[in-house]
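One letter stands for each residue in the lines below.
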Amino acid sequence: MSEYFATVARGLEALAAQELTELGAQDVAQGFCGVSFQGDRELLYRVNLWARLPFRVLVKLGEFPSNDDRELYEGVQQIDWGEYLTPELTMAVTVTGKNEQLNHSHFTAVQVKRAITKQQTEKFGERSNVDIQDPQVRINAHIDKDICIVSLDSSGSSLHRRGYRSAVGDAPLKESLAAALMKMSGWTPDLAFVDPLCGSGTLPLEAAMQALNIAPGIFRNGFGFENWLDFDPELFDRLIKSAETGEKQDLQATIIGSDRNFDIIEQARANARSSGVERYIQFSQLDLADVEAPSDRGILLCNPPYGERLGRDEDLGAFYKLLGDVLKNRFKGWTAFVLSGNKELAKSIGLKSAQRTTVYNGTLPCQLMKYEMY
């Protein structure tokens, strides 16, 4: 059993803990912007392939005192790097957190690299090259008060980059946040889903992938653990084949995305093609004023502009009021969710929300507002 830590967006720790438990994680515990858990190598591969909410899955290698750079250097040298890193593999070090003495992430990263490469040179007579852009082995050092935790990053690039989204609009939602919003809405594949302001299609795409049981990591170019010395290609291949055979061929209910901008809708269609779900989602160029419910019940979820995206000429207050009117008049029997980062604009919707949940879109605190359309 190894110790793992999945990093997630602030506020999504509880949802991520639930997801990891469902995937088979043990000893699951929420932390700040992450969830610790335990499991075997198969679980590590499965979480990278299937988890929709985390950014990265870190594998803990060691924990030691790090009040200053000397303690940090000595602690890193106590780890046997020959088990994880040979000189022909490229590396990069990222640092999170700080304390009074180690308060500059670049300096801390240099200390960690020095300790590793010194050990390599003494053992092998040569050392790994550093590759900031696309390293084969990513090492994470997290400074928390007087302790440093050193981990390997099993994911490589962030897991929110599913690999299907080549085209993005001006203010795209991260796929991981879209998946979290879907979960928070209580949407299930037997309910119709509508995003009337879909941009490049992230929410409808996440809905389709969930409804069709498509693993979110299936389109990625690769994962960090595939470069590791202990990588088990047969095990991973088995998990990939299992994921592919478990995909569904039909939807139970309609999934719709619309946007008034033709070019943006074309981007959404391109992303749907990349992920193989184009025939399952109805994308259309449509003004908000013309949007209608496809059935008598379902979930509407949207992320309207917060004050940046429509340009300065248009009154966003009127746009939010229109959204409220469309919900009230066209979506009776539905439950609607609106994510807004602007409280004043949100008031213009003119409907009483049944529930408000704080959600962080990046660093911006937003409100996810729930409306029961009786």
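Residues take numbers from 1 onward in each chain, read along the sequence in its written order. A pLDDT threshold of at least 70 governs which residues receive local features in this predicted model, and a stricter bar of 80 or more applies before side-chain atom pairs are shown or counted, although totals over entire chains, interfaces and linings include all residues. Note: side-chain values were computed over all heavy atoms of the structure, leaving out hydrogens and water.

### Regarding the sheet that holds strand 12 (residues 335–340)
The line we're drawing: Strand pairing requires that DSSP identify at least two bridges connecting the strands. Only DSSP runs of H or I reaching four residues or more are called helices, and only runs of E reaching two or more are called strands; each is numbered from the N terminus. For helices, the fitted axis covers only the stretch in contact; all axes are lines through C-alpha atoms, and the angles between them, taken along N-to-C directions, range from 0 to 180 degrees. Note on contacts: a residue pair qualifies if any of its non-hydrogen atoms lie within 4.5 Å across the two residues.
Strand order in the open sheet formed by seven strands is 10-9-8-11-12-14-13, and the pairing between neighbours is mixed. In this open sheet, the two edge strands, each paired with only one partner strand, are strand 10 (281–285) and strand 13 (355–361). With strand direction ignored, the average angle separating the axes of adjacent strands in the sheet is 20°. Inspection of the sheet shows strand 12 paired to strand 14 (residues 364–372) by six bridges, in the antiparallel sense. Bridge pairing links Ser 340 to Gln 367 in strand 14. Helix 9 (residues 316–330) contacts strand 11 (298–302), strand 12 and strand 14 of the sheet and is inclined by roughly 170° relative to strand 12.

### Examining the pairing of strand 7 (residues 147–153)
Basically, it comes down to this: Relative accessibility decides the category of a residue: with a 1.4 Å probe and only protein chains considered, values under 20% of the type maximum give buried, values over 50% give exposed, and everything between is partly exposed.
For strand 7, the buried fraction is high: five of the seven residues fall into the buried class. By the bridge criterion, seven bridges tie strand 4 (residues 56–65) to strand 7 in an arrangement that is antiparallel. Of the residues in strand 7, the one forming a bridge with Gly 62 is Val 150. Sheet topology places strand 6 (residues 137–144) next to strand 7; six bridges connect them, and they run antiparallel. Opposite His 142, over in strand 7, you have Ile 149 as the bridge partner. The turn joining strand 6 and strand 7, which pair antiparallel and follow one another in sequence, is formed by two residues; a positive phi near 55° is taken by Lys 145.

### Quick notes on the environment of Leu 43
Residue position: Leu 43 is located in helix 2 (residues 41–50). Judged by its relative accessible area of 2%, Leu 43 falls in the buried class. Separated by 18 residues in sequence, Leu 43 and Ala 25 have C-alpha atoms that sit 7.0 Å apart. Apart from the residues lying within four places of it in its own chain, the contact partners of Leu 43 are Leu 23, Gly 24, Ala 25, Phe 37 and Gln 38.

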